[in-house]
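Below are the chains, spelled out letter by letter.
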Amino acid sequence: MDLSPIWLTLKLAGITTLILLLVGLPFAWWLSRGRSLFKIIIEAIITMPLVLPPSVLGFYLLLAFSPQHGMGKWLQDVFNVQFVFSFRGLVLASVIYSIPFMVGPVKSALQQLPSALAEASYTLGKSEWQTFRYVLLPNIKPSLLTAAVLTFAHTLGEFGVVLMIGGNIPGVTRVASIAVYDAVEQRDYGMANNYSLILFAITFVLVIGVFVFNKYQAKSPLI
Amino acid sequence: MIHIAVEKKLKAYHGQQVLRVNRQFAAGSTTKIYGPSGSGKTTFLKIIAGLVTPEKGMVKVDAVSWFNADARINLPPQKRNTGFVFQQYALFPNMTVRQHLEYATTDEAWIKRLLLLGKLDTLQEHKPDYLSGGQQQRLAILRALATKPQIFLMDEPFSALDAKMKTELIAELQILLKELGTTTLIVSHNPQELDGWADGELVFE
């Protein structure tokens, strides 16, 4: 059995989660503070991947990054970088597709913290960044883990977006969900079942892990 | 000398009311503040700390303007060197007693002294969830003192303490705050508890 789609999927999900941790956390923090029309619009835009059919998102990404015109052409001409039908294209699409799964839970968790926590930190002379890093983030650890796992698991399950922008190139863009579809098309139900079972097992273990961690967090006396 | 002359709209159940205060506080003095719920006592403390911005007026500490609506001066809370004891404590659930103080100061001798003052020296490794209400309240007071504040703002700071603990703590605080030369403002629903300490009062209507 060719395990490369599984490895590719895990690699894609890992990189996507990492990028979203770096980009999504400060973004969620920004969104959690105050309310303005601009923030509402930005929040609506990053929520779109939740409600849009993945094929629609994939289609627009394909148009945007097609090397024949627009931004895709510019990237190709200036940096010699191509996003369509490449692994980096998958990463970009996955980051956009999974952004609400990282930003949403983290933003709500930050908003639910009493505002006095940050205020207390400010009166101790701590900057907004120090407050975020040492007071706010540690106190939303369970939500942070949930968001990271949801992002990872959601990327594992991607299909439409990935197929649109990445196609089905073995070892490059053929992730597990596409390998399942491919196997079914070729009536190789045994192979489809193998990939499906592995995906099922990985996501199941992840979700169990979150439940166990969050329970442990709630009960831990000192740590 | 602290001079505060501010105006701030307050949200109330029955329409809007305006908080107006014009008052001077001598350096190193202790003032008790009392008045009915919703009269703006907490808001007043927060205005001094820079956590709430008034619509009009000014806050001047010695010769330094902390806030001046006309001159558009508004020092952030980080630069005001106030100690703030929140009514709901606002302790950090992720930090132990010791870490709360270490977050605020690196002065180890000062941390030790504060821990002894608040009788929390045997509970240094405990997180707030594993402290009693009184212990949490004492930690909130110690944390606010950790930066050796110029102005010490306390919002109902003794409500969870038993009579004996309160008397002892107040006696210790008096010595410590005098030593620091700190100006203290205390909101209390039970102003008699501050008899013999406070040298002035501010009543909110």
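Scroll up a little and you will see the structure.
What you are looking at is a predicted structure, and each value in this text was computed from that prediction instead of being measured.

Draft legend 1. Structural detail: the overall build of chain B. The helix and strand tally for chain B stands at 5 helices and 10 strands. The C-alpha radius of gyration of chain B comes to 17 Å, within 12% of the 17 Å expected for a compact globule of 205 residues. With respect to the three principal axes, the spread of C-alpha positions in chain B is 50 × 35 × 30 Å. Taking all 205 residues of chain B together, the buried fraction comes to 52%. The contacts in chain B between residues at least 6 apart in sequence include a share of 69% that link residues at least 24 apart. Averaging the locations of the 24 positively and 21 negatively charged side chains of chain B gives two centres separated by 6 Å.

Draft legend 2. Region of the structure containing the packing of aromatic side chains. Residue and element names in this part refer to chain A. Using the criterion set out here, one finds 14 aromatic pairs over all chains in the structure. For the ring pair Phe 65 and Phe 83, a centre distance of 5.1 Å and an interplane angle of 50 degrees mean the geometry is tilted. In this pair, Phe 65 is assigned in helix H3 (residues 54-65) and Phe 83 in the loop between helix H4 (70-79) and helix H5 (87-112), connecting sequence segments 18 residues apart. There is no split in this pair, since Phe 65 and Phe 83 are both buried. Cluster of aromatic residues (ring-pair linked, three or more members): Phe 27, Trp 30 and Phe 38. Sitting above the plane of the Trp 30 ring, Lys 39 keeps its charged end 4.9 Å from the centroid.

Draft legend 3. Examining the sheet that holds strand S6 (residues 73-74) of chain B more closely. Residue and element names in this part refer to chain B. Here 5 strands make up an open sheet; going across it, the order is S2-S1-S4-S5-S6 and the pairing antiparallel. Of all strands in the sheet, those bounded by a partner on one side alone are strand S2 (16-25) and S6. By the bridge criterion, 10 bridges tie strand S1 (residues 2-11) to S2 in an arrangement that is antiparallel. Directly across from Lys 8, in S2, lies its bridge partner Leu 19. Each of S1, S2, strand S4 (56-61) and strand S5 (64-68) is contacted by helix H1 (residues 41-49), which is oriented at about 125 degrees to S1, the strand it contacts most.

Draft legend 4. View of empty space enclosed by the protein. Counting across every chain of the model gives 1 cavity of 30 Å³ or more. Lining the largest cavity we find Ala 120, Thr 123 and Leu 124 of chain A together with Gly 83, Phe 84, Arg 143 and Ala 144 of chain B. For the lining of the largest cavity, the secondary structure elements donating two or more residues are helix H6 (115-123) of chain A together with strand S7 (82-85) and helix H4 (133-145) of chain B. Across the lining of the largest cavity, the residue classes tally to 4 nonpolar, 2 polar and 1 charged.

Draft legend 5. Region of interest: the interface of chain A and chain B. Opposite the 23 residues of chain A that make contact, chain B presents 22 residues. Buried surface at the junction of chain A and chain B, summed over both partners, amounts to about 1800 Å²; 62% is from carbon and sulfur atoms. Scanning the region where chain A abuts chain B turns up 1 salt bridge. Glu 119 of chain A is paired through a salt bridge with Lys 46 of chain B; the nearest N and O atoms lie 3.1 Å apart. Our count for the contact surface shared by chain A and chain B stands at 6 residue pairs in polar contact (both at pLDDT 80 or more). Sorting the residues of the side of chain A that touches chain B by element identifies H6 and helix H7 (128-136) of chain A as the ones contributing at least two each. In terms of residue count, the dominant contributor to the side of chain A that touches chain B is H6 of chain A (7 residues). The class makeup of the residues in the side of chain A that touches chain B is 11 nonpolar, 8 polar and 4 charged.

Each value, and the rule that gives it
- Residues numbered from 1 in each chain as written.
- Chains lettered and ligands numbered in written order.
- Predicted model: local features only at pLDDT ≥ 70, side-chain atom pairs only at ≥ 80, totals over all residues.
- Heavy atoms only, no water.
- Helix = DSSP H or I, 4+ residues; strand = E, 2+ residues; numbered from the N terminus.
- Rg over C-alpha atoms; globule rule 2.2 N^0.38 Å.
- Buried < 20%, exposed > 50% of the residue type's maximum accessible area, 1.4 Å probe, protein only.
- Contact = heavy atoms within 4.5 Å.
- Lys, Arg positive; Asp, Glu negative; His and termini not counted.
- Charge placed at Lys NZ, Arg CZ, Asp CG, Glu CD.
- Phe/Tyr/Trp six-rings, centres within 6.5 Å; stacked < 30°, edge-to-face > 60°.
- Lys NZ or Arg CZ within 6 Å of the ring centre and 35° of its normal.
- Pairing = 2+ DSSP bridges.
- Axes fitted to C-alpha atoms, helices over the stretch in contact; angles between N-to-C directions.
- 1 Å grid on protein atoms, 1.4 Å probe; cavity = no way out; pocket = protein on both sides within 12 Å on 5 of 7 lines; lining within 4 Å.
- Points joined across faces, edges and corners; volume = space filled by probe spheres on them.
- Nonpolar A, V, L, I, M, F, W, Y, C, P; charged D, E, K, R; others polar.
- Buried area = accessible area lost by both parts, 1.4 Å probe.
- Salt bridge = Lys/Arg side-chain N within 4 Å of Asp/Glu carboxyl O.
- Polar contact = N/O pair within 3.5 Å; in protein donor to acceptor, adjacent residues only side chain to side chain.

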